[in-house]
Amino acid sequence: MKFDIQCILENEKAGLYPLQETDFDVLYAVASDPKIWEQHPNNERWKKEVFQTFFDEAIQSKGAFKIVDKTTGSIIGSTRFYGYDEQDNCICIGYTFYATKYWGTGTNRGIKKIMLDYAFQFVSKVYFHIGAFNIRSQIAISRLGAEKVGEQMIAYPGQSPKPNFLYVIDKNSVILAS
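We now turn to the structure provided with this report. Nothing here was measured: the structure is a model prediction, and the numbers come from that model.

A few words now on the pattern of salt bridges. Per the stated rule, a full pass over the model turns up seven salt bridges. Note that Asp 117 is salt-bridged to Lys 113, the shortest N-O span being 2.8 Å. Residue Asp 117 and its partner Lys 113 are located together in helix H4 (residues 107-119), separated by four residues, close to a single helical turn. Of the residues examined, Asp 117 reaches a relative accessible area of 40% and is grouped as partly exposed. Look at the salt bridges and you will find they share partners, linking Lys 35, Glu 38 and Arg 136 into a network.

Structure, rendered in structure tokens:
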């Protein structure tokens, strides 16, 4: 089986479907909430022109997904696989955001679980870059069993590099059910 980083992934509550250029307006309607980005290193991503750059990169990555609430059919956020390294047997998951009404509902845990379950069919480690001041995401990824293993400066388009923490989940780590 080939590792397709933009396949369809689903659980009973949500679906991850390949992001399409036609998804911009609906996804921006979610992303235009400044609260989503307040702890993010690029905290102006709620602005349309800044989000357009993010969206264009997501499309070009060929690893990005729209996240759809299967009960409503609504797009509720986005995530992606990136940085696949066959030699080091690892991949990254990130660039994830959700509409605020889905925060604290178990949605992130469920999405990460289906992504991890899929990725671990092909790799032994999954990495996550989390902004150094993004406490919400640091707590969320730690609850999945990720371990902080380093710090890196990450450059976002049009900005100077920002501090990020690097987390890892090993294939042999215990991942809690959603």
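What follows concerns the side chain of Lys 66. Its location among the elements puts Lys 66 in strand S3 (residues 64-69). Of note is the side chain of Lys 66, whose polar atom sits 3.0 Å from the side chain of Asp 23.

For the rest of this paragraph, the subject is the packing of aromatic side chains. Taken as a whole and judged by the stated rule, the model has 19 aromatic pairs. Measuring from ring centre to ring centre gives 4.5 Å for Phe 3 and Phe 122, while their planes differ by 5°; the resulting arrangement is stacked. Placement of the pair is Phe 3 in the segment before strand S1 (9-10) and Phe 122 in the loop between H4 and strand S6 (125-131), with a sequence separation of 119 residues. We note that Phe 3, like Phe 122, is buried. Linked through ring pairs, Phe 24, Tyr 28, Trp 37, Phe 51, Phe 54, Phe 55, Tyr 82, Tyr 95 and Phe 97 together constitute an aromatic cluster. Positioned above the aromatic ring of Tyr 95 is the side chain of Arg 80, whose terminal nitrogen or guanidinium carbon lies 3.7 Å from the ring centre. Lying across the ring of Phe 165, Lys 148 places its NZ or CZ 3.6 Å from the centre.

Let us look at the environment of Lys 171. By secondary structure assignment, the location of Lys 171 is in the segment after strand S8 (162-170). Placed 54 residues apart in sequence, Lys 171 and Asp 117 show a C-alpha to C-alpha distance of 9.0 Å. Not counting residues up to four positions away in its chain, the partners in contact with Lys 171 are Phe 120, Val 123 and Ser 124. There is a polar contact of 2.9 Å between the side chain of Lys 171 and the backbone oxygen of Phe 120.

Turning to the side chain of Asp 23, a few remarks are in order. Turning to its location among the elements, Asp 23 is positioned in the loop between strand S2 (14-18) and helix H1 (24-31). Overall, Asp 23 belongs to the buried group, its relative accessible area being 8%. Apart from the residues within four sequence positions on either side, Asp 23 is in contact with Pro 18, Phe 55, Lys 66 and Ile 75.

Reading guide: rules and limits
- Residues numbered from 1 in each chain as written.
- Predicted model: local features only at pLDDT ≥ 70, side-chain atom pairs only at ≥ 80, totals over all residues.
- Heavy atoms only, no water.
- Salt bridge = Lys/Arg side-chain N within 4 Å of Asp/Glu carboxyl O.
- Helix = DSSP H or I, 4+ residues; strand = E, 2+ residues; numbered from the N terminus.
- Buried < 20%, exposed > 50% of the residue type's maximum accessible area, 1.4 Å probe, protein only.
- Polar contact = N/O pair within 3.5 Å; in protein donor to acceptor, adjacent residues only side chain to side chain.
- Phe/Tyr/Trp six-rings, centres within 6.5 Å; stacked < 30°, edge-to-face > 60°.
- Lys NZ or Arg CZ within 6 Å of the ring centre and 35° of its normal.
- Contact = heavy atoms within 4.5 Å.

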